[in-house]
Amino acid sequence: MPAPLVDLENLRSDVDAAVRRHLDGLAAEISGHGDAARALTDQAAVLLSGGKRLRAAFAYWSFRAHGGPADGPRRDAAVRAGAALELFQAAALLHDDVMDNSDTRRGHPTAHRAFEARHADGAWSGDAGHFGVSAAILLGDLCLVACQRELSQALELTGPEVAPAARAEFDRMQSEVIVGQYLDVLVQAEPWGKDPAADEERARAVLRAKSASYSVQKPLVVGALLAGATPEQVRAVRAAGLPLGEAFQLRDDVLGVFGDPGVTGKPAGDDLREGKRTVLMARAMAGADDAQRRLLSERLGDPDLDDAAVAALRAVVVDSGALAGVERLIDELAGSATTALESAGLQEPGRGVLLGLARAAVDRAA
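This write-up is about the structure you can find in this document. (Residues numbered from 1 in each chain as written. Predicted model: local features only at pLDDT ≥ 70, side-chain atom pairs only at ≥ 80, totals over all residues. Heavy atoms only, no water.)

### A short note on helix α3 (residues 38–48)
Moving on, step 1. Taken together, the buried positions of α3 are occupied by A39, T41, Q43, A44, L47 and L48.
Moving on, step 2. Each element contacted by the buried residues of α3 is listed here: α2 (11–30), α5 (73–100), β1 (104–105), β2 (108–109), α6 (111–122) and α7 (128–155). (Buried < 20%, exposed > 50% of the residue type's maximum accessible area, 1.4 Å probe, protein only. Helix = DSSP H or I, 4+ residues; strand = E, 2+ residues; numbered from the N terminus. Contact = heavy atoms within 4.5 Å.)

Written out as structure tokens, the structure reads:
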């Protein structure tokens, strides 16, 4: 995400400050339980110190595009709602990394790996891996509590004409993501590879519920509601947000296979080792020949894939036409979303920034 778009009107700094204030307050709150408890907020700070602030940016610039002011309590509410979105994302990432058994996130060990190392370094009793997973789950729960608190404090800066609708939208977002996470777990467990068309439809259902909604659509809607948008305006950004969110997640899936580790902060081909059953992989299976399908069936999800095996699987994705097909799908979805945003009657400067964010969300390298 190009920094200038998120830095406009001091947004990144203000969201970062709101997140830090919340974490500092949380650290002070739990300090009565001893220094050991501080490890939770310290680890949360590691995760929350990075990130694109994409969700906060979509919420804030939707707020501005629907007539929200550039200063004052209502603007502060939009910023703090963005901080709540970032805290919610942290919770989702913490739980997601546990479910995916991921080792790194944004160039750092994932939380469960960091807590596992803490256990091993201290030569503590019990299983280090189980301790790490348990601690990361609890930290994710703590971030969920933090996001609820931050949103409540944000909505106190608004009036009763907007707060209930914004709260309801945020709550629906949380329910959808949790259901999406379950659907993701289910897809990983169900038979796969026999019917690529059905596999793709299930994969798209997962990404719409798990990622597309909370990455783009719900932040756009929450921002619009905080600005007092009309029902027609809310419907317009809702319609634009889902295809853009889907395109954003499809780009994530491409980067999970082809991304540069120095940019993504994750090992090359990490999604291949995790065996993620994405639209990209469903299309690879559909377009592969018999030998390539056997390779996908045998090696996708193998945690011990070396660089040569990753390269071989990548070649299947390219040769099958899956990569080109997903790139076309990204372009189609992004084009649909851009057309919807352009015709939504948005106000400047928010309109222009939202269109820039939409382009950046699908043209990114991380």
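### Here's the deal with the packing of α2 against α7
Moving on, step 1. For the pair α2 and α7, the least separation of the axes is 11 Å and the interaxial angle reads 120°. Of the possible angle classes, the one that applies to α2 and α7 is oblique. The element α2 and its partner α7 pack so that their crossing is right-handed. Counted together, A18, H22, L26 and E29 of α2 and L142, A146, R149, E150 and Q153 of α7 form the full contact between these two elements.
Moving on, step 2. Of the residues assigned to the contact of α2 with α7, the class counts are four nonpolar, two polar and three charged. (Axes fitted to C-alpha atoms, helices over the stretch in contact; angles between N-to-C directions. Parallel < 35°, antiparallel > 145°, perpendicular 65-115°, else oblique. Left-handed = near helix turned anticlockwise from the far one by under 90°. Nonpolar A, V, L, I, M, F, W, Y, C, P; charged D, E, K, R; others polar.)

### Focus on helix α14 (residues 290–299)
Spacing of three or four residues puts side chains on the same side of an α-helix, whose turn is 3.6 residues.
Moving on, step 1. With a side-chain oxygen positioned 3.2 Å from the backbone nitrogen of A291, the residue opening α14 is D289.
Moving on, step 2. G301 lies just past α14 and shows a positive phi near 95°. (Polar contact = N/O pair within 3.5 Å; in protein donor to acceptor, adjacent residues only side chain to side chain.)

### Overview of the packing of aromatic side chains
Moving on, step 1. Under the definition given, this model contains five aromatic pairs.
Moving on, step 2. Where Y60 meets W61, the ring centres are 5.1 Å apart and the plane angle is 85°; that geometry is what we call edge-to-face. Accessibility assignment for this pair places Y60 and W61 in one class, buried.
Moving on, step 3. Arranged with centres 6.3 Å apart and planes meeting at 35°, the rings of Y60 and F63 form a pair that is tilted. Of the two residues, Y60 and F63 both sit in helix α4 (residues 54–65), three residues apart, roughly one turn of that helix.
Moving on, step 4. F63 sits in the buried class, given a relative accessible area of 0%. (Phe/Tyr/Trp six-rings, centres within 6.5 Å; stacked < 30°, edge-to-face > 60°.)

### Description of the pattern of salt bridges
Moving on, step 1. Counted under the stated rule, the structure contains 33 salt bridges.
Moving on, step 2. One salt bridge in this structure joins E169 and R238, with 2.8 Å as the shortest N-O distance. Note that E169 is positioned in helix α8 (residues 163–189) and R238 in helix α10 (residues 231–258), a separation of 69 residues in sequence.
Moving on, step 3. Given the relative accessible area of 1%, E169 is considered buried.
Moving on, step 4. In this structure, the salt-bridge partner of E190 is R202, at a minimum N-O distance of 3.4 Å. (Salt bridge = Lys/Arg side-chain N within 4 Å of Asp/Glu carboxyl O.)

### Describing the nonpolar core
Moving on, step 1. If you look at the biggest cluster of nonpolar residues, it comprises 105 residues, and the most contacted ones within it are F58 and M281.
Moving on, step 2. With 14 residues, α5 is the single largest residue contributor to this core.
Moving on, step 3. Those residues within four positions of F58 in sequence are excluded, and the remaining contacts are S215, V216, P219, L220, L244, L354, L357, A358 and A361. (Core = buried A, V, L, I, M, F, W, Y, C linked by side-chain atoms within 4.5 Å.)

### Looking at the environment of R202
Moving on, step 1. Tracing the sequence through the fold places R202 in helix α9 (residues 196–226).
Moving on, step 2. In the structure, R202 is positioned 75 residues away from R277 in sequence and 9.2 Å away in space, judged by C-alpha atoms.
Moving on, step 3. In this structure R202 touches V187, E190 and P191, once residues within four positions along its chain are discounted.
Moving on, step 4. Here the side chain of R202 touches P191 through a polar contact of 3.5 Å, landing on its backbone oxygen.

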